[in-house]
Amino acid sequence: MNDRFGIVVACDLNRGIGKNNQLPWRLSADLKYFKQITSTTTEPKKYNAVIMGRKTWESIPPQHRPLPNRYNIVLTRNPNYPVPQGVFRFASLDETFEKLQEGPIEQVFIIGGAEIYNQAIQHERIGFLHLTEIRHRYDCDTFFPDYKQFFQLISSSEIQSENGIEFCFKVYKPNLLG
Ligand SMILES: NC(=O)c1ccc[n+]([C@@H]2O[C@H](COP(=O)([O-])OP(=O)(O)OC[C@H]3O[C@@H](n4cnc5c(N)ncnc54)[C@H](OP(=O)(O)O)[C@@H]3O)[C@@H](O)[C@H]2O)c1
């Protein structure tokens, strides 16, 4: 377990996270929260990294990628997959963790999607999980894995609301007894 490595996700009450390679909802407060936790560093000269699967990368509108002020890492098994200058492409999660273990990067966030979450959820390096709980049930085709047996709740924000949708921000740590 390592406090530098964590997972960030927003999921609904069915653990749904996506539909047709898009987010099923639009919550500006969650996008703001995501930007804040993945961008903030304690040392101003340092940057964090975000690791995402190739499909999640493609789900980000071209004008919004790479995500600014963060090292963007795209996982793909295709060695010829084109990524823009300044974006890193890796062929496995372990290789990525190994490369990021040392060096100037402050924190490393796994930002989806389901395929990557499934591989990361029980990974020994993961030290935290930031989960936005959206208190609604959407029509989804992609789901976050069943995480509760592996994590314990550390904190939860008050319930907030945007356009009638209620949500809260939760932080979990790996459950060492699990
Ligand atoms: N709600 C949220 O917080 C949230 C966050 C992120 C994404 N999403 C949603 O999740 C959905 C996308 O998730 P997804 O599961 O379909 O796709 P994904 O996890 O984003 O990407 C899957 C791709 O990643 C690559 N990959 C997976 N494991 C790998 C490994 N070990 N090594 C190297 N490459 C690997 C493969 O790319 P190649 O096929 O190129 O080899 C695979 O096809 C979208 O709907 C998106 O909007 C939601």
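You'll find the structure just up there.
If you're wondering where the values come from, they're calculated on a predicted model, not measured in any experiment.

> I keep staring at the site of the ligand and nothing clicks. Help me out?
Surveying the vicinity of the ligand reveals 28 residues, the closest of which are Ala10, Arg54, Thr56, Thr76 and Gln119. Backbone polar atom of Leu75 to an oxygen atom of the ligand: 3.5 Å apart, as the coordinates give it. Arg77 is positioned with one of its backbone polar atoms (N or O) 2.8 Å from an oxygen atom of the ligand. Coverage of the ligand by the protein amounts to 89% of the 940 Å² it exposes when considered alone. Per element, the largest residue contribution to the shell around the ligand is 5 residues, and it comes from helix α4 (residues 114-120). Broken down by class, the residue content of the shell around the ligand amounts to 11 nonpolar, 12 polar and 5 charged.

> Would you explain the nonpolar core in this entry?
In a soluble, globular protein the nonpolar side chains are often hidden away together inside. Core analysis: the biggest nonpolar cluster contains 29 residues, and Ile7, Ile51, Ile110, Leu129 and Phe144 have the highest contact counts within it. Mapped by element, the contributors of at least two residues to this core are β1 (2-12), β3 (47-53), β4 (70-75), α3 (93-101), β6 (105-110), α4 and β7 (126-134). Not counting residues within four places of it along the chain, the set of residues in contact with Ile51 comprises Ile73, Leu75, Leu93, Thr96, Phe97, Leu100, Val108, Phe109, Ile110, Ile111 and Gly112. Within the second largest apolar cluster, 24 residues are counted, among which are Phe109, Phe128, Cys140 and Phe169.

> Whenever I open this one, the layout of surface pockets confuses me. Can you help?
Empty space within the largest pocket amounts to approximately 1,400 Å³. Forming the boundary of the largest pocket are 46 residues, of which Leu23, Thr56, Ser59, Ile60 and Ile111 lie nearest the centre. Among the elements of the structure, β1, β2 (16-18), α1 (28-39), α2 (54-59), β4 and α4 are those that each provide at least two residues to the lining of the largest pocket. Residues of the lining of the largest pocket, tallied by class, amount to 21 nonpolar, 15 polar and 10 charged.

> Would you mind going over α1 with me for this structure?
An α-helix turns once every 3.6 residues. As a result, residues three or four positions apart point the same way. Over its 12 residues, α1 extends 16 Å from the first C-alpha to the last, a length consistent with the 16 Å expected when each residue adds 1.5 Å. The set of residues buried in α1 consists of Asp30, Tyr33, Ile37 and Thr38. Viewed end-on, α1 has its buried residues packed into an arc of 115°, placing them on one side of the element. Among the structural elements, β1, β3, β4, β6, β7 and β11 (165-174) are those in contact with the buried residues of α1.

> I tried to follow the environment of Arg54 on my own but got confused; where do I start?
The residue Arg54 is located in helix α2 in this model. Residue classification places Arg54 among the partly exposed residues on the basis of a relative accessible area of 30%. With residues near it in sequence (within four places) discarded, Arg54 still touches Val74, Leu75, Thr76 and Tyr81.

> Explain the pattern of salt bridges to me, please; I cannot follow it from the model alone.
For side chains of opposite charge, pairing can occur when their charged atoms come near one another. The full count for this structure, using the stated rule, is 7 salt bridges. For Arg54, the salt bridge goes to Glu58, with nearest N and O atoms at 3.2 Å. In this pair, Arg54 and Glu58 are both assigned in helix α2, 4 residues apart and thus about one turn of the helix distant. The class for Glu58 is partly exposed, based on a relative accessible area of 35%. The salt bridge partner of Arg135 is Glu133, with a shortest N-O separation of 3.3 Å. The structure contains a network of salt bridges with shared partners spanning Glu133, Arg135 and Lys170.

Thresholds applied
- Residues numbered from 1 in each chain as written.
- Predicted model: local features only at pLDDT ≥ 70, side-chain atom pairs only at ≥ 80, totals over all residues.
- Heavy atoms only, no water.
- Near = heavy atom within 4 Å.
- Polar contact = N/O pair within 3.5 Å; in protein donor to acceptor, adjacent residues only side chain to side chain.
- Areas by Shrake-Rupley, 256 points an atom, 1.4 Å probe, with all protein chains shown as cover.
- Helix = DSSP H or I, 4+ residues; strand = E, 2+ residues; numbered from the N terminus.
- Nonpolar A, V, L, I, M, F, W, Y, C, P; charged D, E, K, R; others polar.
- Core = buried A, V, L, I, M, F, W, Y, C linked by side-chain atoms within 4.5 Å.
- Buried < 20%, exposed > 50% of the residue type's maximum accessible area, 1.4 Å probe, protein only.
- Contact = heavy atoms within 4.5 Å.
- 1 Å grid on protein atoms, 1.4 Å probe; cavity = no way out; pocket = protein on both sides within 12 Å on 5 of 7 lines; lining within 4 Å.
- Points joined across faces, edges and corners; volume = space filled by probe spheres on them.
- Expected span 1.5 Å × (residues − 1).
- Arc of directions from axis to C-beta.
- Salt bridge = Lys/Arg side-chain N within 4 Å of Asp/Glu carboxyl O.

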